[in-house]
Amino acid sequence: SISWSFRSLLQTDELGMTPLHVLCLNPNATPEMFKILANACPQAATIQAEMITQVDHDDGGRIVEMVTPTKLWLKVKGISYNDDDFDEQGLLTRNAAFQKGLEWNDLNSIMSIQSFNLGVANESNNLYPCMQAATINGMNLEMLYHLAMYDPKLIYQQVQSFETKAPTSKKARNV
């Protein structure tokens, strides 16, 4: 049995890293591992830690980037990103995650780190994640399947709402 306090999951080391940051450094960490820590302390996903991204060997200077656990995980995996991929809290947006062409296991890891809610429609287009992903050119079928099956009741609810909005008259109209 794992036992820890909420406060211990927010404690940081000298670089400002939480236990979630440290776990993101492990390339073999699983989505289930991320989910345990992120669910126990969702705030940890937005905490930024220092990461040295470049060292100038001539003058010994260094460039430090502030990274959330998601950014750190992306760096460890060698997945490029830019600042536009993140919201104001430093969380990777769903659309940016879908645009990266990730494998399911990688997307599942990101969803686990930052507690993506796949049951919520996008505010700008009212599309659920599996629908939003389907609009992206080159999205692979396996990813769409996993997104749809993540919460099948959403698909059922959408089908039900389409059926209730469908015309009930069986008489054909001349157009």
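Along every chain, residues carry numbers that run from 1 in the direction the sequence is written. For a predicted model such as this one, the threshold for reporting local features is a pLDDT of at least 70, and the threshold for listing and counting side-chain atom pairs is 80 or more; totals across whole chains, interfaces and linings nevertheless cover every residue. Side-chain calculation: all heavy atoms of the structure are included, whereas hydrogens and water are not.

As for the overall build of the protein chain
Secondary structure elements follow DSSP: runs of H or I no shorter than four residues count as helices, runs of E no shorter than two count as strands, and numbering proceeds from the N terminus. Per the secondary structure count, the protein chain includes 8 helices and 2 strands. Starting at the N terminus and ending at the C terminus, the protein chain contains elements arranged as α-α-β-β-α-α-α-α-α-α. Here the term buried applies to any residue with accessible area under 20% of the maximum for its type, exposed to any over 50%, and partly exposed to those in between, with areas from a 1.4 Å probe on protein chains only. Relative to its 175 residues, the protein chain shows a buried fraction of 37%. A fraction of 50% describes how many contacts in the protein chain between residues 6 or more apart in sequence connect residues 24 or more apart. Carbon and sulfur atoms form 50% of the exposed surface of the protein chain, whose accessible area is close to 11200 Å². Whether two residues touch is decided by their heavy atoms; if any such pair falls within 4.5 Å, the residues are in contact. Note that accessible areas follow from Shrake-Rupley with a 1.4 Å probe, and for residues the cover is restricted to the protein chains shown.

As for the pattern of salt bridges
When a carboxyl oxygen of Asp or Glu lies within 4 Å of a side-chain nitrogen of Lys or Arg, that pair is called a salt bridge. As enumerated under the stated definition, the model contains 4 salt bridges in all. Lys-75 serves as the salt-bridge partner of Glu-65, at 3.5 Å between the closest nitrogen and oxygen. One end of the pair, Glu-65, is in strand E2 (residues 62–67); the other, Lys-75, is in helix H3 (residues 69–77), with 10 residues separating them in the sequence. The class of Lys-75 is partly exposed, set by a relative accessible area of 32%.

Side note on the packing of aromatic side chains
Side-chain rings of Phe, Tyr and Trp, where Trp is taken by its six-membered ring, are said to pair if the distance between their centres is within 6.5 Å; with planes under 30 degrees apart they count as stacked, over 60 as edge-to-face, and otherwise as tilted. Counted according to the given criterion, the structure contains 2 aromatic pairs. When the ring of Tyr-81 is compared with that of Phe-86, the centres are 5.4 Å apart and the planes differ by 85°; the resulting orientation is edge-to-face. With respect to class, Tyr-81 is no different from Phe-86; both count as buried. With 6.2 Å between their ring centres and 65° between their planes, Trp-104 and Tyr-150 make a pair best called edge-to-face. On the criterion of sequence distance, the pair formed by Trp-104 in helix H5 (residues 104–114) and Tyr-150 in helix H7 (residues 141–150) is long-range, its members being 46 residues apart. Over the ring of Phe-86 we find Lys-71, and its NZ or CZ is 4.9 Å from the ring centre. Look at NZ for Lys and CZ for Arg. If either is within 6 Å of the ring centre and within 35 degrees of the ring normal, a charge sits over the ring.

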